[in-house]
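Results of the structural survey
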Amino acid sequence: YTESADFINWSRLVSVLHPDERDAPGTEFYYMTVFPFGDLYVGLLSVYHNYSRRPGAWADATAEVPAELSPMDQHMDVRLAFSRDGQVWQQAGNREAFIPLGEGSDWDGGVIYGSTLLDVGDEVYVYYAGTPMRHVKDDLQHAGTERDGQTWSIFGGLARLRKDGFVSL
């Protein structure tokens with residue numbers, strides 16, 4: 001978190017949300033898009049699951065991925081976060097994916113990128129992007145090609161939520 005009145009001089013940068021002891025080792029917060037919504041700020045928190053312990057990502061790059069985490073390894077999904085002041089954040093939904101990945105090689109089976117929220121009538125539109133590629137060089141180098149009958153690209157998605165749906169989450 002940082003502020004500026006003139007977009008030249010900025011306050012000291014402060015980390016307001018990071019993985020903690022409730023997150024599996026290898027959980028990385030990639031970015032978060034933030035929106036005012038009623039009396040709150042709502043964040044679409046992109047979470048990278050880097051459980052493979054590949055060199056450069058972990059101090060100990062020799063450990064194996066725990067079996068229960070391996071389906072998510074090197075994938076990215078979106079969690080929902082909220083704040084009253086933009087500085088103290090909480091994650092909703094017991095830290096589970098707000099926008100879960102699709103199945104296997106589905107168009108959104110590898111990575112979900114949170115984009116924006118729009119208030120539309122009695123619904124909230126949640127725009128996001130998805131790709132069948134995992135977030136690793138081995139997959140990303142094939143962007144724009146066809147593999148196993150699926151175009152490897154980034155596609156746009158729309159999820160709709162009833163206006164008071166955040167309360168139930």
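How each quantity is defined
Residues numbered from 1 in each chain as written. Predicted model: local features only at pLDDT ≥ 70, side-chain atom pairs only at ≥ 80, totals over all residues. Heavy atoms only, no water. 1 Å grid on protein atoms, 1.4 Å probe; cavity = no way out; pocket = protein on both sides within 12 Å on 5 of 7 lines; lining within 4 Å. Points joined across faces, edges and corners; volume = space filled by probe spheres on them. Nonpolar A, V, L, I, M, F, W, Y, C, P; charged D, E, K, R; others polar. Helix = DSSP H or I, 4+ residues; strand = E, 2+ residues; numbered from the N terminus. Contact = heavy atoms within 4.5 Å. Patch = residues over 30% accessible without salt bridge, like charges linked within 9 Å, V, L, I, M, F, W, Y side chains within 5 Å. Areas by Shrake-Rupley, 256 points an atom, 1.4 Å probe, with all protein chains shown as cover. Salt bridge = Lys/Arg side-chain N within 4 Å of Asp/Glu carboxyl O. Buried < 20%, exposed > 50% of the residue type's maximum accessible area, 1.4 Å probe, protein only. Phe/Tyr/Trp six-rings, centres within 6.5 Å; stacked < 30°, edge-to-face > 60°. Core = buried A, V, L, I, M, F, W, Y, C linked by side-chain atoms within 4.5 Å. Pairing = 2+ DSSP bridges.

With that settled, consider the layout of surface pockets. Put simply, the largest pocket is a space of about 260 Å³. If you trace the largest pocket, you find 15 residues lining it, with Val 16, Leu 17, Met 32, Val 34 and Trp 89 closest to the centre. Counted by class, the lining of the largest pocket contains 12 nonpolar, two polar and one charged residues.

On to the environment of Val 126. Within the secondary structure, Val 126 is located in strand β6 (residues 123–131). Note: C-alpha distance between Val 126 and Thr 116 (10 residues apart in sequence) is 5.9 Å. In this structure Val 126 touches Leu 44, Phe 98, Ile 99, Thr 116, Leu 117, Gly 157, Leu 158 and Ala 159, once residues within four positions along its chain are discounted.

Let us now look at a nonpolar patch on the surface. Judged by side-chain polarity, Leu 118, Val 120, Tyr 127 and Leu 158 come together as a nonpolar surface patch covering roughly 300 Å² of accessible area. Summarising the element assignment, Tyr 127 is placed in strand β6.

We note that Asn 94 has phi near 55°; this positive angle belongs to a residue other than glycine. Along the chain, Asn 94 falls in the loop between β4 (89–91) and β5 (111–120). Positioned with a positive phi, Arg 95 is a non-glycine residue whose angle comes to about 65°. Positionally, Arg 95 belongs in the loop between β4 and β5. Residue Arg 95 is classed as buried on the basis of its relative accessible area, which comes to 16%.

All told, the structure shown has five aromatic pairs when counted by the stated rule. Between the aromatic rings of Trp 107 and Phe 155, the centroid separation amounts to 6.4 Å while the plane-to-plane angle is 85°, which identifies the pairing as edge-to-face. A residue pair is termed long-range when its members are at least 10 positions apart, and Trp 107 in the loop between β4 and β5 and Phe 155 in strand β9 (residues 155–162) qualify at 48 residues. For Trp 107, a relative accessible area of 30% translates into the label partly exposed.

Moving on: the nonpolar core. One finds Leu 44, Leu 80, Phe 98, Ile 99, Ile 112, Leu 117 and Val 126 to be the most contacted residues of the largest nonpolar core, which totals 15 residues. Among the secondary structure elements, those contributing two or more residues to this core are β2 (40–49), β3 (75–83), β5 and β6. Among the elements that take part in this core, β6 stands out by supplying three residues, more than any other. For Ile 99, the residues in contact, after removing those within four places along its chain, are Asp 77, Val 78, Ile 112, Val 126 and Tyr 128.

As judged from the nine bridges shared by β5 and β6, these two strands associate in the antiparallel manner. What sits directly across from Thr 116, in β6, is Tyr 127.

With that settled, consider the pattern of salt bridges. According to the stated counting rule, one finds five salt bridges in the structure shown. With a shortest N-O distance of 2.8 Å, Asp 23 and Arg 95 are connected by a salt bridge. Taken as a pair, Asp 23 in the segment before β1 (27–37) and Arg 95 in the loop between β4 and β5 lie far apart in primary sequence, 72 residues in all. Both residues of the pair, Asp 23 and Arg 95, belong to the buried class. Arg 160 is the partner of Glu 123 in a salt bridge, and the nearest nitrogen-oxygen pair spans 3.7 Å.

Don't take any of this as a statement about function, it's just geometry.
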